[in-house]
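Now for the letters of each chain:
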Amino acid sequence: MRRSPGTLVTTLLCALLAGLLPAARATTAARPATEDTTTAREAPTYHNPLTAGVVDAFPDPVMIRGKDGLWYAVATQERTLPAAAVRPGKVGVAARGAGADADNVGAAALHTPVTTRVPERLPGPLLPAYSDDFDTTTVPGTTADSPWSWVRGPASGVTMADGALPWPTQGGELYLGTNTASVLTRDAPPGDYTVETRLRFAPGRTNQQAGLVLYGNDDRYLKLVHAVLPVSHTDGKTTHVTEFAKEGERPTTPPTPVAYGPMFGGPPADTLWMRLSYHADTARDETEVSAATSTDGAHWVHTGVWTLPTSLRLRIGLVAQNTAGALARFDYVRTYRR
């Protein structure tokens, strides 16, 4: 709400009772004032829905000062409406006095609290033809009959030891126009599936990362990695995350041919279980991939879902990249029917 100097303005959020659910919330966020003004008397039915960490709060909960230096009127009212309010109605704003503007006014039913956890969706049966326990002495992708193949490989230092695939991180990268990292890939099964690996990885330097990918080409892939962010710390500590990212076309205006986007999920650990789940959304001609991680192999944290247009078949893959000096040990790659 914008108020002129010396003018007392009273703004009312008018919820016409008819037609709204028994519990509803009306919210208004007004335009900024360009000068410091005297605030209105505190109204007990209002509260400031923004936290002090976002803005510098002013004592009057209807007025806040943004970090841009401007004053904003932001208020939320909650009203419990009678069950008999069944006729069509409206929510609006009324002002008494000159010099008041309001916008972004609306009403919505309050949420229904979630009191029970959704059961964990378990993977379907194992697909042995698309799985590998790394229990041989031959490095995957180095023989003619191997189901694996390398993009820019074999990576230096990859071996087979103790029923695992140890892979030193590379200085190569897989990011937009810089595509120098090795990728170990194999065919994915037709239909929907979930691929899982157990990664033992204790990186200590910025940008080191390792994990799973669903790989179409260098400019079209999804990855789930344990990574060290390039964040500076005065005490020498590092910031570890689980990163779920995609690279591909973005349907913006104008379209972006190649774009990279990350999201961050559950806590990382030196031993981390990782899953990527693939779903073909044929109705929208889209590829949907969701990610989950676990620090014990039993309790999973779900990160989110990325989508890409369905134009290129994705292959299951592994990476260990960005900064040399750490060792990633992949204990297995197992693929399940989703």
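This structure is a prediction, so every number in the text was calculated from the model and none was measured.

Student: Explain the sheet that holds strand E21 (residues 315-321) to me, please; I cannot follow it from the model alone.
Tutor: The strands making up a sheet associate through backbone hydrogen bonding, with each pair oriented either parallel or antiparallel. The strand order E8-E12-E21-E14-E15-E16-E17 describes an open sheet built from seven strands, whose pairing is antiparallel. The open sheet is flanked by strand E8 (148-151) and strand E17 (256-264), the only strands paired with a single partner. Averaged over all adjacent pairs, the angle separating strand axes in this sheet is 25°, with direction ignored. Sheet analysis places E8 next to strand E12 (residues 183-186), joined by four bridges and oriented antiparallel. Residue pairing across strands places Trp 148 opposite Arg 186, the latter belonging to E12.

Student: Looking at this structure, I do not really get the nonpolar core. What am I missing?
Tutor: Soluble globular proteins tend to bury their nonpolar side chains together. Counting residues in hydrophobic clusters, the biggest one holds 37 residues, and the most contacted among them are Trp 167, Leu 214, Leu 276, Leu 318 and Phe 330. The contact partners of Leu 276, leaving out residues within four places of it in the chain, are Tyr 193, Thr 194, Val 195, Leu 212, Val 213, Leu 214, Leu 222, Leu 224, Phe 244, Val 289, Ser 290 and Ala 291. Membership of the second largest hydrophobic core comes to 13 residues, among which are Val 151, Val 213, Tyr 221 and Tyr 260.

Student: What should I look at first to understand the sheet that holds strand E13 (residues 193-201) in this one?
Tutor: What the six strands build is an open sheet, ordered E9-E22-E13-E18-E19-E20; its pairing is antiparallel. Pairing within the sheet leaves two strands with one partner each, and these edge strands are strand E9 (165-168) and strand E20 (301-309). Mean inter-strand twist for the sheet, computed between neighbouring axes without regard to direction, equals 25°. Examined bridge by bridge, strand E19 (residues 286-294) and E20 share eight bridges and lie antiparallel to one another. Bridging across to E20, Val 289 finds its partner in Trp 306.

The rules behind each value
Residues numbered from 1 in each chain as written. Predicted model: local features only at pLDDT ≥ 70, side-chain atom pairs only at ≥ 80, totals over all residues. Heavy atoms only, no water. Pairing = 2+ DSSP bridges. Helix = DSSP H or I, 4+ residues; strand = E, 2+ residues; numbered from the N terminus. Axes fitted to C-alpha atoms, helices over the stretch in contact; angles between N-to-C directions. Core = buried A, V, L, I, M, F, W, Y, C linked by side-chain atoms within 4.5 Å. Buried < 20%, exposed > 50% of the residue type's maximum accessible area, 1.4 Å probe, protein only. Contact = heavy atoms within 4.5 Å.

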